[in-house]
Amino acid sequence: MTISQDLFSRAQTSIPGGVNSPVRAFNGVGGTPLFITKAEGPFTYDADNNRYIDYVGSWGPMILGHNHPEIKQAVLAAVENGLSYGAPTEAEILMAEKVKELVPSIEKVRMVSSGTEATMSAIRLARGYTNRDKILKFEGCYHGHADSLLVKAGSGALTMGVPSSPGIPEDFAKHTLTVSFNNLDEVKAIFAQYPDEISCIIVEPVAGNMNCIPPEPGFLQGLRDVCDEHGAVLIFDEVMTGFRVALGGAQAYYDIQPDLTCLGKVIGGGMPVGAFGGKHAIMDYIAPVGPVYQAGTLSGNPIAMAAGLKALELLSAEGLHDELEAKSKALCEGFQQAADTAGIPLTTNFAGGMYGFFFTDAQSVTSYQQATECDLERFKRFFHLMLEEGVYLAPSAFEAGFVSTMHSDEDIQNTIAAAQRAFAKL
Ligand code: PMP
């Protein structure tokens with residue numbers, strides 16, 4: 001028995017499923033999750049002292065690699081002054097100013113403690129601001145686990161929301177409309193059906209929770225136009241894409257301005273942080289200036305602000321995002337070539353520092369339906385073969401992969417060589 005196996009069976013007696021967030025349990029791939037003891041640069045180490053080239057990066061935030069020495073130093077310096085005050089600090093202003101500088105569509109920003117809080121609060125704000133109840137989201141997009149957002153689409157277009165989890169009353173879920181990502185016709189049709197009832201569209205501008213699916217040309221602009229036409233708020237959930245796809249997020253990469261933006265993970269440099277921000281007029285609709293209530297005891301926590309500020313400062317380095325994208329591209333091209341050589345049908349997607357690969361005969365994957373039709377069994381086997389090779393991929397076929405500035409050319413080449421051996425065994 002490995003130490004991870006031993007820890008996992010012990011964990012299950014006191015933690016539901018042995019984990020504090022479901023996907024960590026390896027449900028998507030089977031087997032025993034690795035219990036991590038430390039992480040440094042591009043590597044994570046498990047309790048059995050195996051080292052892995054890590055493409056999970058704490059599910060996104062580790063763009064600068066794990067345990068960056070300058071972020072660590074910023075945290076240690078902040079700790080000297082206490083862990084939390086629940087009162088304003090200058091660090092929060094510096095953080096807000098930095099976010100505004102990097103993401104110009106954000107005129108005011110409120111810090112929270114997770115991505116879920118960011119999206120939940122942005123939705124409440126959009127509903128309060130427009131005085132409308134319905135929201136529109138896309139099948140396969142994940143926006144955290146607030147009740148209104150934990151609604152999966154049914155099989156077809158224009159699907160009315162139904163609870164995807166017990167505990168979400170039908171009366172809440174019915175206000176969440178879901179349509180297909182990358183399908184503007186469905187968006188237009190549902191707005192035609194409910195012309196004055198939809199408060200907002202919330203979208204991952206590059207979908208990263210059904211593997212990695214970039215928007216097709218014109219899709220995001222189309223959402224912008226529909227929102228303008230119907231007085232709805234356009235919310236970009238950039239919890240994953242923010243500061244990763246480009247310094248200014250996917251909105252800079254594709255040059256589309258949303259009304260509100262949700263940020264998370266990355267903005268705390270690995271600490272539990274999130275944020276939502278956007279136009280003055282909308283943001284001033286929240287308490288204490290406006291009527292929509294939103295709050296948080298640990299919001300703007302000084303340690304988290306110190307880590308996040310340092311991370312954003314380092315991420316602002318000239319050319320960093322071009323380098324990140326080059327790494328994603330090299331990885332995707334390497335995987336593609338290796339799969340072609342082995343005769344394994346595969347296609348890849350990438351945008352900036354995020355990427356995805358799909359076991360499918362399709363030439364490209366642009367929809368949730370295509371993503372779910374891929375060969376999941378083959379993915380599972382590939383995942384475990386890569387793990388044996390010392391490469392830690394996201395343990396699910398429905399998650400994007402992430403590169404960091406710390407992945408060297410050698411790490412990428414070693415990963416591709418591992419993939420070659422794995423494909424040959426599939
Ligand atoms: N939005 C997106 C796009 C995400 O990827 C996630 C988390 N993976 C969330 C929201 C929720 O963030 P958190 O897990 O920090 O609540």
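Residues numbered from 1 in each chain as written. Predicted model: local features only at pLDDT ≥ 70, side-chain atom pairs only at ≥ 80, totals over all residues.

Draft legend 1. Representation of the overall build of the chain. Along the chain, the regular secondary structure elements total 14 helices and 15 strands. By the compact-globule yardstick of 22 Å for 426 residues, the chain fits well, its C-alpha radius of gyration being 21 Å. Taking the principal axes of its C-alpha atoms as reference, the chain extends roughly 55 × 55 × 50 Å. Counting across all 426 residues of the chain, residues that qualify as buried make up 51%. If you take every contact in the chain between residues at least 6 apart in sequence, the share linking residues at least 24 apart comes to 72%. (Helix = DSSP H or I, 4+ residues; strand = E, 2+ residues; numbered from the N terminus. Rg over C-alpha atoms; globule rule 2.2 N^0.38 Å. Buried ≥ 20, exposed ≤ 12 C-beta atoms within 10 Å, placed from the backbone. Contact = placed C-beta atoms within 7 Å.)

Draft legend 2. Region of interest: the packing of helix H2 (residues 69-79) against helix H10 (residues 302-315). Following both chains from N to C, one finds H2 and H10 inclined at 150°, their axes separated by 8 Å at the closest point. With respect to their mutual orientation, H2 and H10 come out roughly antiparallel. Our pair here, H2 against H10, has a crossing hand that is right-handed. Here H2 contributes Glu70, Ile71, Ala74, Val75, Ala77, Ala78 and Val79 to the contact with H10, which in turn contributes Pro302, Ile303, Ala306, Ala307, Lys310, Ala311 and Leu314. (Axes fitted to C-alpha atoms, helices over the stretch in contact; angles between N-to-C directions. Parallel < 35°, antiparallel > 145°, perpendicular 65-115°, else oblique. Left-handed = near helix turned anticlockwise from the far one by under 90°.)

Draft legend 3. How the structure looks around the environment of Ala192. Topologically, Ala192 is positioned in helix H6 (residues 184-193). Put simply, Ala192 and Ile235 are 43 residues apart on the chain and 20 Å apart in space, counted from C-alpha to C-alpha.

Draft legend 4. Structural detail: the sheet that holds strand S13 (residues 354-358). Ordered by their spatial adjacency, 3 strands build an open sheet running S12-S13-S15, and the pairing between neighbours is antiparallel. A strand with exactly one partner marks an edge of an open sheet, and here the two such strands are strand S12 (347-351) and strand S15 (401-402). Note: S12 against S13, 5 bridges, orientation antiparallel. Residue Thr347 lies in a different strand from S13, and its bridge partner there is Phe358. (Pairing = 2+ DSSP bridges.)

Draft legend 5. A look at the pairing of strand S9 (residues 233-237). In terms of residue burial, S9 counts as a mostly covered element, since 5 of its 5 residues are buried. The two faces of S9 match: Val233, Ile235 and Asp237 on one face and Leu234 and Phe236 on the other face are all buried. In this sheet, S9 lies alongside strand S8 (residues 198-203) in parallel orientation, the contact comprising 4 bridges. Bridge pairing in S9 places Ile202 opposite Ile235. In the classification by handedness, the crossover that spans S8, the intervening helix H7 (residues 219-230) and the parallel S9 is right-handed. The pairing of S9 with strand S10 (residues 260-264) spans 3 bridges and is parallel. Bridging from a neighbouring strand, Phe236 pairs with Thr261 of S10. (Right-handed = clockwise from strand over helix to strand, strands pointing away.)

Draft legend 6. Fine view of the environment of Thr348. Locating Thr348 in the fold gives a position in strand S12. A sequence separation of 15 residues divides Thr348 from Glu333, and the C-alpha atoms of the two residues are 8.1 Å apart. Beyond its immediate chain neighbours, meaning those up to four positions away, Thr348 contacts Cys332, Phe335, Gln336, Tyr355, Gly356 and Phe357.

Draft legend 7. Examining H10 more closely. End to end, H10 covers 20 Å across 14 residues, agreeing with the expected 20 Å (1.5 Å per residue, within 8%). Most of H10 sits inside the fold, with 11 of its 14 residues counted as buried. Here H10 has its buried residues at Pro302, Ile303, Ala304, Met305, Ala306, Ala307, Gly308, Leu309, Lys310, Ala311 and Leu312. Where the residues of H10 are buried, they touch H2 and helix H3 (90-102). (Expected span 1.5 Å × (residues − 1).)

Draft legend 8. Main features of the site of the ligand. In the region of the ligand, 17 residues are neighbours, and Ser114, Gly115, Thr116, Gly144 and Val239 sit closest. Considering each element in turn, the shell around the ligand owes the most residues, 3 residues, to helix H4 (residues 115-130). Looking at the shell around the ligand, its residues break down into 4 nonpolar, 10 polar and 3 charged. (Near = placed C-beta within 6 Å. Nonpolar A, V, L, I, M, F, W, Y, C, P; charged D, E, K, R; others polar.)

Draft legend 9. Representation of the domain arrangement of the chain in the model. Each assigned domain of the chain is listed with its residue range as follows: domain 1 (3-67 + 318-425) and domain 2 (69-315). Measuring from the centre of the C-alpha atoms in domain 1 to the corresponding centre in domain 2 gives 25 Å. Listed by partner, the interface residues are 28 residues for domain 1 and 30 residues for domain 2. Secondary structure elements with two or more residues in the side of domain 1 that touches domain 2: helix H11 (320-342), S12, S13 and helix H12 (368-372). (Domains from an automatic or database assignment.)

Draft legend 10. Here's a closer look at the UniProt feature "modified residue: N6-(pyridoxal phosphate)lysine" (unreviewed entry) in the chain. What UniProt calls "modified residue: N6-(pyridoxal phosphate)lysine" (unreviewed entry) maps, in this numbering, to Lys265. With respect to the secondary-structure elements, Lys265 resides in the loop between S10 and strand S11 (274-278). Each residue touching Lys265, except ones within four places of it in the same chain, is listed here: Trp59, Gly60, Pro61, Gly115 and Val239. (UniProt positions renumbered as here; feature names shortened; annotations may be inferred.)

Draft legend 11. A look at the nonpolar core. Counting residues in hydrophobic clusters, the biggest one holds 125 residues, and the most contacted among them are Ile201, Val233, Ile235 and Met354. Setting aside its immediate chain neighbours within four residues, Met354 contacts Val206, Gly208, Cys212, Met240, Arg244, Val245, Ser328, Ala400, Gly401 and Phe402. (Core = buried A, V, L, I, M, F, W, Y, C linked by C-beta atoms within 7 Å.)

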